[in-house]
Amino acid sequence: MASSRGGSSGEEDGSTPLFFLLAILGCIVLPWSLTALWGFLFPGSKNVDKLYPTVTEDGSRVRQCQTQAMNSKREAHIASLTSRKALYTRGFVFRTIILLLLWCWLTYIVVQLRSVMSTSSLYADFDPYRLLELGRSASKADVKKAWRRLSLKYHPDKNKETGAVEKF
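These numbers come from a predicted model, not from an experiment.

Participant: Any chance you could explain the nonpolar core here in plain terms?
Facilitator: Note that soluble globular proteins tend to have their nonpolar side chains buried in a common cluster. Listed in full, the nine residues of the largest apolar core are Leu-18, Leu-25, Val-29, Leu-99, Leu-102, Leu-106, Ile-109, Leu-113 and Val-116. A per-element tally of this core places helix 4 (residues 90-119) first, with six residues. Excluding anything up to four places from it in sequence, Leu-18 contacts Ile-109, Gln-112, Leu-113 and Val-116.

Quick look at the structure:
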């Protein structure tokens, strides 16, 4: 059924490498961005949880010393751990620049992909409802039924005509 979209099954329009790069960059940039955003919104939360736990490994509650001197010392230490000023190191700036460059590259790939898809004959006038000989208001069951009917009709094992393989 590839030829009904405008080309044979071996036709290449240049979008495959772009889709591949988009997938790889998406798998790298999105989690890294979420991690960086979480670290920026909640700086030092891992260190605070590690240094001042609320429960022990066996599940019992940890009680901290409640004297005024210890409370003020603990609060000052937690404030220094959770300060955003501690984030602005040379490594943080370098990682942020790399992340921004990767986002720019990802945006460029998306723009290029949209350009290829708008000019490619493979994507021009692609209407799956027309291919399945259905109206746009067809139900899911009607789509499945039409797909099965056409796949049986054009399957190379069932249809021995010369254009059946390309049509399938």
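The discussion continues.
Participant: Which parts of the structure should I look at to understand helix 6 (residues 140-154)?
Facilitator: In an α-helix there are 3.6 residues to a turn, and that puts residues three or four apart on one side. The first and last C-alpha atoms of helix 6 sit 21 Å apart over 15 residues, in line with the 21 Å expected at 1.5 Å per residue. Looking at helix 6, one finds that the buried residues are Ala-146, Leu-150, Ser-151 and Tyr-154. Buried residues along helix 6 cover an arc of 130 degrees about the axis, so they all sit on one side. For helix 6, exposure combined with an orientation more than 90 degrees from the buried face picks out Ala-141, Lys-144, Lys-145 and Arg-148.

Participant: Where do I start with the side chain of Arg-74 in this structure?
Facilitator: As for its placement among the helices and strands, Arg-74 is situated in helix 3 (residues 68-81). A polar side-chain atom of Arg-74 sits 2.4 Å from a polar atom in the side chain of Asn-71. With sequence-adjacent residues up to four places away left out, Arg-74 is seen in contact with Tyr-52, Gln-64, Cys-65 and Gln-66.

Parameters at a glance
- Residues numbered from 1 in each chain as written.
- Predicted model: local features only at pLDDT ≥ 70, side-chain atom pairs only at ≥ 80, totals over all residues.
- Heavy atoms only, no water.
- Core = buried A, V, L, I, M, F, W, Y, C linked by side-chain atoms within 4.5 Å.
- Buried < 20%, exposed > 50% of the residue type's maximum accessible area, 1.4 Å probe, protein only.
- Helix = DSSP H or I, 4+ residues; strand = E, 2+ residues; numbered from the N terminus.
- Contact = heavy atoms within 4.5 Å.
- Expected span 1.5 Å × (residues − 1).
- Arc of directions from axis to C-beta.
- Polar contact = N/O pair within 3.5 Å; in protein donor to acceptor, adjacent residues only side chain to side chain.

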